[in-house]
Amino acid sequence: MEKRVRVRFAPSPTGGLHLGGMRTVLYNYLFAKQHNGDFILRIEDTDQSRYVPGAEQYIFDCLKWAWLEPDESPVHGGYYGPYRQSERKDIYRKYAGQLVNDGYAYYAFDTPEELEKMRHELRTESNPSPQYDHKVRMKMRNSLTLPAEETKKLLAENVRHVIRIKVPEHETLILKDMIRGEVQFDTSVVDDKVLLKADGMPTYHLAVIVDDYLMKISHSFRGEEWLSSAPVHILLWKYLGWEKDMPQWAHLPLILGPNGKLSKRDGSKYGFPVFAMNWTDPQSGELTEGFKEKGFLPEAFINFLAMLGWNDGTEQEIFTKEELIQRFSMERVHSGGAKFDYEKAKWFNHEWMKRSEAGRLEQEVKNLLLEKGIDNMDDSFLKKVIGLVKDRCVLLTDFYEQSYFFFHTPEQYDLAAVTPRWNDEKKLFFAEVIRNYELNIDWNAEDLEINFKEIASVNKIKPGDVLLPFRIMLVGGKFGPGVFAIAELLGKEETLHRIKKALAAF
RNA sequence: GGCCCGUUCGUCUAAGGGCUAGGACACCACCCUUUCACGGUGGUGAUACGGGUUCGAAUCCCGUACGGGCUACCA
């Protein structure tokens, strides 16, 4: 029987969730949904020194915003909990003990000072970072070098110690990666990684294997930065006796910034977000901008994220989440890193803005305008406004400057664009427009335009000479959608009011 | 330094031995529009380098260069 697809995203709650992390979430999610599997969120909070309050909640908020909610997690529940590694301490301890008993791991009592001393002494030009490996482990203080009674005594006395994996001296390990194919490693260059730390917490290496096994994870998708520790993980699957349950691997390429690896700094430096949502560091109070607050639609966010390193082989670029679920394939993910292009990300958002129904955008736009102090919105009026201006909005946040004039009569006018060529003829023209529009029964853009141009022609005025002043009367400046569409939406009363008011100001 | 991964227009990418290397973003020009956008048409622009293998290489192999990751009791 085919194994049920179960994948997980396992962040450590240490701060903002950047593009790379979100893309890992996305690919996991798409893969799970495509195979009718489960998407699990596991919190890897084994490093207590890096604990950041609020970071866990923030991760949930980001996934929710991006429509990538997990099926199982510390808050969504599930049969394989707890889903927070800090709550699974005893489980890891048990397996670490098993590894020691089976001879695959050992106790190490070296103090941080002793480790530093070893590294210092062994450091040479050709080996700038000596490792705790098969070449040095017999010179250190551990259960391999100490007499059995001594080890027993130290353990009984509760002397601080760790458990390290005993990596075989010369073995070739082959990793089958869904993106990269077969990758070979020689174990003689991998070090005896710490599995269980002195504080009793596991390191990532132990925890990820134990949890993936216990949570029945079928596919392990993670960032490329994990590729070099993969041999340790493969060894652990073997040593724990679970080799036949080892998940399939895929190491996702990195997302790069303008100069190498994408960092939080790139964002502030080049003016684009790198986090999914705003993140405020509780320590420093520093705020890092998120895509959500910048004005991105989740549809667009996941769309451009998906395309950063993946395509379905056709020329289609705009995909709904459902289409992505259908078409995604890990084998088509690029193996090379992708440089993030903010301009293209904005293009995706613009496309989604144009494609979205006014109703889809209503709530977001309403909140946005409300924040800007516009509170006289009628729902159906707002919807019409959105329909009229959404094509010219790249980001949600553009809605304000594209539409505020629908809600407020202009107070100021771009006089420089009008007064130099303003004269009595034009004044009379608009007086006639007012008279005509007051009589006008069919208040729609088309008739308004026909009337306007007729009056112009009767008065021997070129429509072009009065179109711009008309626009400025209605919106205050040289911007906005078509003037007659604006007039239609504004309604007879408000339009006439604006013309009269402007006439007095010109 | 060692190990591993990668390298097609400025950017994201297509083409997995065979047509003038295709598309998208960005940029430029023109058209539309007497606001600005949208839209339309066209253009500039790439197989890192050097060797092989082959009738034929972006594609397979080797080397070089460049970029990246890892090299913690962080993930």
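Residues numbered from 1 in each chain as written. Chains lettered and ligands numbered in written order. Predicted model: local features only at pLDDT ≥ 70, side-chain atom pairs only at ≥ 80, totals over all residues. Heavy atoms only, no water.

Engineer: For the nonpolar core, give the residues involved together with the corresponding values.
Structural biologist: F301 and F430 are the most contacted members of the largest nonpolar core, which has 117 residues in total. The greatest single-element share of this core, amounting to 10 residues, is contributed by helix α19 (residues 483–505). Not counting residues up to four positions away in its chain, the partners in contact with F301 are L19, M22, W65, A66, A276 and F291. Judged by nonpolar contacts, the second largest core, of 37 residues, contains A105, L175, L206 and V208. (Core = buried A, V, L, I, M, F, W, Y, C linked by side-chain atoms within 4.5 Å. Buried < 20%, exposed > 50% of the residue type's maximum accessible area, 1.4 Å probe, protein only. Helix = DSSP H or I, 4+ residues; strand = E, 2+ residues; numbered from the N terminus. Contact = heavy atoms within 4.5 Å.)

Engineer: Describe in detail the environment of H219, supporting the description with residues and values.
Structural biologist: Within the secondary structure layout, H219 lies in strand β8 (residues 219–223). When the C-alpha positions of H219 and M246 are compared, they lie 8.4 Å apart, and in sequence the two are 27 residues distant. Beyond its immediate chain neighbours, meaning those up to four positions away, H219 contacts V5, R6, V7, F31, M178, P247 and Q248.

Engineer: Outline the protein's contact with RNA strand B, supporting the account with residue identities and numerical values.
Structural biologist: Around RNA strand B there are 59 residues in total, and S126, R180, K197, H334 and R392 lie nearest to it. When the atoms of RNA strand B within 4 Å of the protein are grouped by moiety, sugar and phosphate amount to 66% of the total. The side chain of E224 places a nitrogen or oxygen atom 3.1 Å from a sugar or linking oxygen of RNA strand B. Here G482 contributes a backbone N or O atom positioned 3.4 Å from a base oxygen of RNA strand B. If you list the elements that add at least two residues to the surface near RNA strand B, you get α4 (112–122), β4 (162–165), β6 (181–186), β14 (338–339), α12 (342–355) and α18 (463–475). It is α12 that contributes the most residues to the surface near RNA strand B, 5 residues altogether. Here the residues of the surface near RNA strand B sort into 20 nonpolar, 17 polar and 22 charged. (Near = heavy atom within 4 Å. Polar contact = N/O pair within 3.5 Å; in protein donor to acceptor, adjacent residues only side chain to side chain. Nonpolar A, V, L, I, M, F, W, Y, C, P; charged D, E, K, R; others polar.)

Engineer: Lay out the pairing of strand β3 (residues 105–108) with the relevant residues and their values.
Structural biologist: Burial along β3 is two-sided: A105 and Y107 facing one way and Y106 and A108 facing the other are all buried. Note: β3 against β4, 4 bridges, orientation antiparallel. Bridging from a neighbouring strand, A105 pairs with I165 of β4. (Pairing = 2+ DSSP bridges.)

Engineer: Describe helix α6 (residues 204–214), listing the residues and the values that go with them.
Structural biologist: Along α6, 9 of the 11 residues are buried, which leaves the element largely enclosed by surrounding structure. Every buried residue belonging to α6 is among Y204, H205, L206, A207, V208, I209, V210, D211 and D212, and all of these are buried. Looking at the buried residues of α6, the elements they touch are β1 (6–9), α3 (89–101), β7 (194–196), β8 and α7 (230–239). Following α6 by one or two positions, K216 adopts a phi angle in the positive range, close to 55°.

Engineer: Please set out the environment of P128 residue by residue, giving values where relevant.
Structural biologist: For P128, the location among the structural elements is in the loop between α4 and α5 (148–156). Between the C-alpha atoms of P128 and D90, which are 38 residues apart in sequence, the distance is 37 Å.

Engineer: Can you lay out the pattern of salt bridges for me, pointing to particular residues and giving the numbers?
Structural biologist: As a working rule, side chains carrying opposite charge can pair if their charged atoms are close by. Across all of its chains, the model carries 37 salt bridges by this definition. Across the salt bridge formed by D212 and R8, the nearest N and O atoms sit 2.8 Å from each other. With a gap of 204 residues between them, D212 in helix α6 and R8 in strand β1 connect regions that are remote in the sequence. For the pair shown, D212 and R8 are each scored as buried. With a closest N to O distance of 3.6 Å, K501 and E411 form a salt bridge. Of this pair, K501 sits in helix α19 while E411 is found in the loop between α15 (399–403) and α16 (424–439), placing the two residues 90 residues apart along the sequence. A relative accessible area of 65% means that E411 is categorised as exposed. Each of R8, R42, E44, R88, D211 and D212 takes part in one network of salt bridges that share partners. (Salt bridge = Lys/Arg side-chain N within 4 Å of Asp/Glu carboxyl O.)

Engineer: Can you break down the environment of I59 residue by residue, with the values?
Structural biologist: By the element assignment, I59 lies in helix α2 (residues 55–65). Sequence spacing of I59 and P11 is 48 residues, and the spatial spacing of their C-alpha atoms is 8.4 Å. Once residues within four sequence positions are removed from consideration, I59 is found in contact with P11, P13, L17 and L41.

Engineer: Give me the sheet that holds β3: which residues, what numbers.
Structural biologist: Spatial ordering of the open sheet is given by β3-β4-β7, a layout of 3 strands whose pairing is antiparallel. The sheet is open, and its two edges are formed by β3 and β7, each paired on a single side. Adjacent strand axes in the sheet meet at a mean angle of 45°, parallel and antiparallel pairs treated alike. Two elements, β4 and β7, share 2 bridges in a ladder whose sense is antiparallel. Paired with R164 across the strands is V194, a residue of β7. (Axes fitted to C-alpha atoms, helices over the stretch in contact; angles between N-to-C directions.)

Engineer: How would you sum up the packing of aromatic side chains? Please name residues and give values.
Structural biologist: On inspection of all chains with the given rule, the structure shows 43 aromatic pairs. Judged by centre distance (6.4 Å) and plane angle (50°), the ring pair of F340 and Y342 falls under tilted. Given a relative accessible area of 9%, Y342 falls into the buried group. Grouping aromatic residues by their ring pairs yields a cluster made of W65, F272, F291, F296, F301, F304, F340 and Y342. A cation sits over an aromatic face here: K344 above W347, 5.4 Å from the ring centre. The ring of Y400 is capped by K372, whose NZ or CZ atom sits 4.9 Å from the centre of that ring. (Phe/Tyr/Trp six-rings, centres within 6.5 Å; stacked < 30°, edge-to-face > 60°. Lys NZ or Arg CZ within 6 Å of the ring centre and 35° of its normal.)

Engineer: Give a description of the confidence of the model for chain A that names residues and reports values.
Structural biologist: In this model, chain A carries an average pLDDT of 93, and 100% of its residues clear a pLDDT of 70 or more. Both scores are available for the predicted complex, with the pTM at 0.95 and the ipTM at 0.95. (pLDDT = per-residue confidence, 0-100.)

Engineer: Can you break down the sheet that holds β14 residue by residue, with the values?
Structural biologist: The 3 strands are arranged β11-β10-β14 in an open sheet whose pairing can be described as mixed. With one partner strand each, in any of the chains shown, β11 (260–261) and β14 form the two edges of the open sheet. In terms of strand pairing, strand β10 (residues 255–257) meets β11 through 2 bridges, oriented antiparallel. The residue bridging L256 from the neighbouring strand is K261, located in β11.

Engineer: I'd like a rundown of unusual backbone geometry, residues and numbers included.
Structural biologist: Looking along the chain, the bond that leaves G81 and enters P82 is cis, with omega of -5°. In this structure, P82 sits in the loop between α2 and α3. Positive phi outside glycine occurs at K216, with the angle close to 55°. Residue placement: K216 occurs in the loop between α6 and β8.

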